[in-house]
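# Close look at the chain arrangement
Residue-level listing of the chains:
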Amino acid sequence: MSSKLHLVFGGRVRDPQTLDFIDPSALEVVGVFPDYASAEKAWRAAAQRTVDDAEMRFVVVHLHRLLEPDLVKPA
């Protein structure tokens, strides 16, 4: 079984309801994680650190879905 890699990153967005990052070159990469549980833990820590800044947004990207799209089960 291969790792299900997840990327956690974030930055300042134009609108807190979107993922329209103001400056993609200034994104903060929190890290790449081998499973969702560890990625979620890192995401929560990053989001908590910036909780008072509504324009900061962090996300978890399922890299394994991008790297191996044929393995993704249809919904």
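Scroll up to find the structure.
None of these values were measured; they are calculated from a predicted model.

Attention now moves to the sheet that holds strand S1 (residues 6-12). Read across the open sheet, the 3 strands follow the order S2-S1-S3; overall the sheet is antiparallel. Edge positions in the open sheet fall to strand S2 (28-33) and strand S3 (56-62), since each of these has one partner strand only. Taken over all neighbouring pairs, the strand axes of this sheet differ in orientation by 15° on average, direction set aside. Packed onto the sheet, helix H1 (residues 36-49) meets S1, S2 and S3 and runs at close to 175° relative to S3.

Here we take up the environment of Gly10. Relative to the assigned elements, Gly10 resides in strand S1. Exposure remark for Gly10: the relative accessible area of 0% places this residue in the buried category. As a C-alpha pair, Gly10 and Phe21 span 11 residues in sequence and 8.4 Å in three-dimensional space. Among all residues touching Gly10, those that are not within four sequence positions of it are Phe21, Leu27, Glu28, Arg57 and Phe58.

Turning next to the packing of aromatic side chains. Tallied over the entire structure, the rule returns 1 aromatic pair. When the centroid spacing of 5.7 Å and the interplanar angle of 50° are considered together, the rings of Phe9 and Phe21 count as tilted. Of this pair, Phe9 sits in strand S1 while Phe21 sits in the loop between S1 and S2, and the two are 12 residues apart along the sequence. Note on Phe9: relative accessible area 15%, which makes it buried. You can call Phe21 buried: its relative accessible area is 13%.

A word on the pattern of salt bridges. Under the criterion given, the structure shown has 5 salt bridges. Between Asp20 and Arg14 there is a salt bridge whose closest N-O contact spans 3.3 Å. On the basis of relative accessibility, which here comes to 52%, the residue Arg14 falls in the exposed class. The structure contains a network of salt bridges with shared partners spanning Arg12, Asp53 and Glu55.

Reading guide: rules and limits
- Residues numbered from 1 in each chain as written.
- Predicted model: local features only at pLDDT ≥ 70, side-chain atom pairs only at ≥ 80, totals over all residues.
- Heavy atoms only, no water.
- Pairing = 2+ DSSP bridges.
- Helix = DSSP H or I, 4+ residues; strand = E, 2+ residues; numbered from the N terminus.
- Axes fitted to C-alpha atoms, helices over the stretch in contact; angles between N-to-C directions.
- Contact = heavy atoms within 4.5 Å.
- Buried < 20%, exposed > 50% of the residue type's maximum accessible area, 1.4 Å probe, protein only.
- Phe/Tyr/Trp six-rings, centres within 6.5 Å; stacked < 30°, edge-to-face > 60°.
- Salt bridge = Lys/Arg side-chain N within 4 Å of Asp/Glu carboxyl O.

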